[in-house]
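Spelled out, the chains give:
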Amino acid sequence: MVIITHQRAKCIGCNYCAEIAHARWRMSKKDGKAVLLGATDRKGFHTVKVGNEEYDDNVRAADACPVNIIKVSIK
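These notes cover the structure that comes with them. (Residues numbered from 1 in each chain as written. Predicted model: local features only at pLDDT ≥ 70, side-chain atom pairs only at ≥ 80, totals over all residues. Heavy atoms only, no water.)

### Looking at the pattern of salt bridges
Here's step 1: This structure, assessed with the given rule, holds three salt bridges.
Here's step 2: The salt bridge involving Arg-24 is made with Glu-54; its shortest N-O contact spans 2.8 Å. Separated by 30 residues along the polypeptide, Arg-24 in the loop between helix H1 (16-20) and strand S2 (25-27) and Glu-54 in the loop between strand S5 (45-50) and helix H2 (55-64) bring together distant segments of the chain. A single burial state applies to Arg-24 and to Glu-54, both of which are buried.
Here's step 3: Note that Asp-57 is salt-bridged to Arg-60, the shortest N-O span being 2.3 Å. Of the two residues, Asp-57 and Arg-60 are both situated in helix H2; the distance of three residues between them amounts to about one turn of the helix. (Salt bridge = Lys/Arg side-chain N within 4 Å of Asp/Glu carboxyl O. Helix = DSSP H or I, 4+ residues; strand = E, 2+ residues; numbered from the N terminus. Buried < 20%, exposed > 50% of the residue type's maximum accessible area, 1.4 Å probe, protein only.)

This is the structure:
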């Protein structure tokens, strides 16, 4: 299982995550920030548990994030 966490409030809307891991990320038309699809919000930390097949794309998305607000871990 892969756990992805996103601090959405700190997002600058660069769009890298949505371009790299488009199955899990979208850009909001409302505020221009990234949306982690399927995530639940707990005090500003948006988290989702996904299958191992999404690990590589989301690690690349986290590495590309210029403000370093995406964390990906395997549990």
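### Quick word on empty space enclosed by the protein
Here's step 1: In this structure the tally under the stated criterion is one cavity of 30 Å³ or more.
Here's step 2: Estimates place the volume of the largest cavity at around 80 Å³.
Here's step 3: Forming the boundary of the largest cavity are 15 residues, of which Cys-11, Cys-14, Cys-17, Cys-65 and Ile-70 lie nearest the centre. (1 Å grid on protein atoms, 1.4 Å probe; cavity = no way out; pocket = protein on both sides within 12 Å on 5 of 7 lines; lining within 4 Å. Points joined across faces, edges and corners; volume = space filled by probe spheres on them.)

### A word on unusual backbone geometry
Trans is the prevailing form of peptide bonds, just as negative phi is the prevailing case for residues other than glycine.
Here's step 1: Its identity is not glycine, yet Lys-43 carries a phi of approximately 55°, on the positive side.
Here's step 2: Tracing the chain through its elements places Lys-43 in the loop between strand S4 (40-42) and S5.
Here's step 3: Under the relative-accessibility criterion, Lys-43 is labelled exposed at 84%.
Here's step 4: Despite not being glycine, Asn-68 shows a phi value in the positive range, around 55°.
Here's step 5: Examined against the element boundaries, Asn-68 turns out to sit in the loop between H2 and strand S6 (70-74).

None of the figures reported here should be taken as evidence of function without further support.
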